[in-house]
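Here are the chains, one letter per residue:
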Amino acid sequence: MSNLLLDLSFGVKRSDGYVSAIWRASTTRLGDFHLSTSSIAGIEKYSFNKSGMCSSAHSGADGAPGALRDRAGFRWRRAATPPRGSGRAARVAWIAFPTDYLSRPTQEDDGDVLWIAAAPACGATYVEFAYAAEPEQGIRGVLDVMQDRTLVRCAELPGGETLVIFCYHADWENKDLRVPGHGAVADVLFSADDPLASGRPLRHRFGPMPKDQEAVLLLEMGGAAITN
Amino acid sequence: MTAGVRRIIHVDMDAFYASVEQRDDPSLRGKPVAVGGQPGARGVVAASSYEARVFGVRSAMPMARAVRLCPDLVIVRPDFQRYRAASQRILDIFRSCTPLVEPLSLDEAYLDVSDNLWGETLATPVAGRLKQRMGEETQLSASAGVAPNKFLAKIASGWQKPDGLTVISPGRVEAFLQQLPVDALWGVGPVTAAKLRKIGIARLVEVRAADPELLRRAVGGLADALRRLAMGDDPRPVLPDRPYKSSSSENTYNEDLLDLDEIRAEIGRMARQTADWLARKELLARTVTIKVRYADFTTVTRSHTAAAPTRDPDELAARALMLLARTDAGRRPIRLLGAGVHGFDGDDAAIGFPGVLRFED
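Per chain, the residues get numbers from 1 upward, laid out in the order the sequence is written. Chain letters start at A and ligand numbers start at 1, both assigned in the order the entries are written. Only residues with pLDDT of at least 70 are given local features in this predicted model, and only at 80 or more are side-chain atom pairs given and counted; all residues enter the totals for whole chains, interfaces and linings. Hydrogens are left out, water is left out, and the side-chain values use all remaining heavy atoms of the structure.

K.L.:
Break down the overall build of chain B for me, with residues and values.
P.N.:
By definition, any uninterrupted DSSP run of H or I lasting at least four residues is a helix, any uninterrupted run of E lasting at least two residues is a strand, and each is numbered from the N terminus. Secondary structure summary: chain B contains twelve helices and twelve strands in total. Each radius of gyration is computed over the set of C-alpha atoms, and the globule rule expresses the reference value as 2.2 Å times the number of residues to the power 0.38. Relative to the compact-globule value of 21 Å for 361 residues, chain B shows a C-alpha radius of gyration of 21 Å, a close match. Seen through its C-alpha atoms, chain B measures out along the principal axes to roughly 60 × 55 × 40 Å. Think of it in three bands: residues with accessible area under 20% of the maximum for their type are buried, residues over 50% are exposed, and the middle band is partly exposed, with areas taken using a 1.4 Å probe on protein chains only. The buried share of chain B, reckoned over its 361 residues, is 48%. The contact criterion used throughout is that any non-hydrogen atoms of two residues lie within 4.5 Å. Sequence separation of 24 or more characterises 65% of the internal contacts of chain B that already satisfy a separation of 6 or more. All accessible areas in this document rest on Shrake-Rupley with a 1.4 Å probe, and a residue is counted as covered only by the protein chains that are shown. Of the roughly 16300 Å² of accessible surface on chain B, a fraction of 51% belongs to carbon and sulfur atoms. Charge convention: Lys and Arg are scored as positive, Asp and Glu as negative, and His as well as the terminal groups of each chain are ignored. Note on charges: their place is set at NZ of Lys, CZ of Arg, CG of Asp or CD of Glu. In chain B, 50 side chains carry a positive charge and 46 a negative one; their mean positions are 2 Å apart.

And the structure:
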């Protein structure tokens, strides 16, 4: 029997097939929630423990990167779940996927991934994760009021809490970004126009350091290595 | 959870009056232009072209100073009939997209395009199309801000000027707020900003951690609005028929006023003018405010709020004169006088938001 109450692989996909990285959201029977994705740099994982303590970690395929003594990146405490009947939830993480920075798919879709429809051009798809003390029906009621938010999945956790995953489309200002490699590695260009017709094979995530009581905010964009 | 994501656009025409003049008179194009009164008559700059702004010429600046800064300045008398016509054409373009258009003045407006007649699901393409149509149909450019609420959209429209389009996606709201000085807000001018700095608040986000009592003592009724805005929270809807929030008039005099009787007559006349306006609009006001600018350009405002609203001309004039007695009128030469009313009956939520009489700074 699986130790997981929820085990969801998801991503964002455009009608022309361009996609985000594949993410995995899982909850354990102990009430912990994990959010992770993998890339050529290894696995990036965000853990939200039942105690309220949270941590981020990066690891290579063979465990912790050699340069790091501890695979944990940051630790913080998430916002408390609002009381039942308040009609509110505590957001703990959100990821923005700008539509014009999705990537040409590099592997066959094995059918196990829930693909969320991408926002139109000049937009971004937001996927949000929140804790509520409401049962699923109450959450659906709240989301019905917020017309443009779509419930992706609910998972009831021990202790009367529910993890809610929902998504919506919002505006986005496309701006090219060039991350310098300082000669050690190639620069990476994140461009909506994709002038190299690369298909943006490199998926990167950006975000501020998580702070106590605040949600993890991640921006995922596709880019390409450039040599000049 | 917060309410659904709204899609608000704030459009701010670029150097509107000056751009209309340059559009209609090709000989003005590429030249530094100021719309306003003549310098000899203590004229003030109502608008300046971007070519003039390079020299430091700004709105509300005395024209004499503008000419000193830019000796080649071309001064054009304002023609509000043409500005209103251009503004109406622009509003027609907006209303072809959404009925939820809230004009703030001739040259700026809010639009709520969450549901729009063009069938666009996002606001960014709407803003792009609006800008394109304005350019094609009026030969005027504008800067637009796209955001989930009015407060952020308005600040965004000023972020990249001229001809800019700035989008604040929900995930970027916090980063945007972190950059804002506290005086980026409506209602927070130099005087209020100085009061806030005195209690250690220079950036908007610092309001979040401020002691509520200290904040209230520093900025009074603005405190609650500031606290909400510091969280990026502005639930105000776009109101196509926005109720009046204030009315005021002011006058800059060709020669300084020193005679107290003359000054009292002027203030009384202005107060009665606002009473006439209240009667025409069938409104009642609680607060009377006067503004006095001395010859050395220092400016003071005085306000009085009564429990009962009124539009009685004698009462309004008497209260304005009582406020005048709290200034140096008659002892120091005065170049500008103003009087106005706000706090209209049934309007309890105006403090800190646009449209409110802003004499203070």
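On we go from here.
K.L.:
Outline the pattern of salt bridges, listing residues and values.
P.N.:
Residues and elements named next belong to chain B. Here, a salt bridge means any side-chain nitrogen of Lys or Arg that lies within 4 Å of a carboxyl oxygen of Asp or Glu. A complete count under the given rule lists 34 salt bridges over all chains for this structure. Arginine 216 is the partner of glutamate 213 in a salt bridge, and the nearest nitrogen-oxygen pair spans 2.8 Å. With glutamate 213 and arginine 216 both in helix 9 (residues 212–219) and three residues apart, this pair spans about one turn of that helix. Taking relative accessible area as the criterion, arginine 216 reaches 43% and is therefore assigned partly exposed. Among the salt bridges present, the one from arginine 332 reaches aspartate 296, with a minimum N-O distance of 3.0 Å. A residue pair is termed long-range when its members are at least 10 positions apart, and arginine 332 in the loop between helix 12 (313–324) and strand 12 (334–344) and aspartate 296 in the loop between strand 10 (285–294) and strand 11 (299–310) qualify at 36 residues. Connected through salt bridges with shared partners, the residues Glu21, Arg23, Asp24, Asp79 and Arg82 form a single ionic network.

K.L.:
Describe empty space enclosed by the protein, naming the residues involved and giving the relevant values.
P.N.:
Residue and element names in this part refer to chain B. Space inside and on the surface of the protein is sampled on a 1 Å grid over the protein atoms alone, with a cavity defined as a set of points where a 1.4 Å probe fits but cannot get out and a pocket as an open set with protein on both sides within 12 Å along at least 5 of 7 lines; lining residues have an atom within 4 Å of a point. Grid points are joined across faces, edges and corners, and a volume is the space filled by probe spheres set on the points. Summed over the entire model, instances satisfying the criterion amount to four cavities of 30 Å³ or more. In this structure, the largest cavity encloses a volume near 70 Å³. Around the largest cavity, the lining residues are Val11, Met13, Ser87, Ile90, Leu91, Phe94, Pro103, Ser105, Leu106, Asp107, Glu108 and Ala109. Elements with a minimum of two residues in the lining of the largest cavity: strand 1 (8–13), helix 4 (80–95), strand 5 (101–105) and strand 6 (108–112). Sorting elements by how many residues they give to the lining of the largest cavity places helix 4 first, with four residues. Residues are grouped as follows: Ala, Val, Leu, Ile, Met, Phe, Trp, Tyr, Cys and Pro are nonpolar; Asp, Glu, Lys and Arg are charged; every other residue, Gly included, is polar. The class makeup of the residues in the lining of the largest cavity is eight nonpolar, two polar and two charged.

K.L.:
Can you explain the domain arrangement of chain B? Please cite residues and give values.
P.N.:
Residues and elements named next belong to chain B. Domains are outlined according to an automatic or database domain assignment. Domain assignment breaks chain B into domain 1 (8–15 + 81–173), domain 2 (16–79), domain 3 (180–230) and domain 4 (246–345). For domain 1 versus domain 3, the distance between C-alpha centres works out to 28 Å. Every contact between the two is made by six residues of domain 1 and, on the other side, six residues of domain 3. Counting each side, the surface lost to burial between domain 1 and domain 3 is near 480 Å², with a carbon and sulfur contribution of 86%. The largest per-residue losses of area from domain 1 upon contact with domain 3 belong to Phe151, Lys154 and Ile155, which jointly make up 84% of the total buried on that side. Joining domain 1 to domain 3, the criterion identifies zero salt bridges. N or O atoms within 3.5 Å of each other form a polar contact, as long as, within protein, one can give a hydrogen and the other can take it, and as long as residues adjacent in sequence are counted only when both atoms are side-chain atoms. For the pair domain 1 and domain 3, the interface holds zero residue pairs in polar contact (both at pLDDT 80 or more). Put simply, buried area is how much 1.4 Å-probe accessible surface two parts lose in total, over both of them, once they are put together.

K.L.:
Residues and numbers for the sheet that holds strand 6 of chain B, please.
P.N.:
Residue and element names in this part refer to chain B. What the five strands build is an open sheet, ordered 5-6-1-7-8; its pairing is mixed. At either margin of the open sheet sits one strand with a lone partner, and together these are strand 5 and strand 8 (165–167). Between one strand axis and the next, the sheet turns by 15° as a mean value, whatever way the strands run. In this description, strands pair whenever DSSP reports at least two bridges between them. As judged from the three bridges shared by strand 7 (residues 142–147) and strand 8, these two strands associate in the parallel manner. Paired with alanine 144 across the bridge in strand 8 is leucine 165. The axes are straight lines fitted to the C-alpha atoms, using for helices just the contacting stretch, and the angles between their N-to-C directions are given from 0 to 180°. In the packing of helix 4 onto the sheet, the strands contacted are strand 1, strand 5 and strand 6, and the crossing angle to strand 5 comes to about 155°.

K.L.:
For the sheet that holds strand 9 (residues 246–257) of chain B, give the residues involved together with the corresponding values.
P.N.:
All names here are of chain B. An order of 9-12-10-11 is seen for the four strands of this open sheet, with the pairing classed as antiparallel. Among the strands making up the open sheet, the edge pair consists of strand 9 and strand 11. The mean inter-strand angle of the sheet, taken between neighbouring strand axes irrespective of direction, is 15°. As defined by bridge partners, strand 10 adjoins strand 12 across nine bridges and the pair is classed as antiparallel. The residue bridging threonine 289 from the neighbouring strand is glycine 340, located in strand 12. Most of the contacts of helix 11 (residues 260–281) go to strand 12, to which it runs at about 30°, and overall it touches strand 9, strand 10, strand 11 and strand 12. Helix 12 contacts strand 10, strand 11 and strand 12 of the sheet and is inclined by roughly 40° relative to strand 10.

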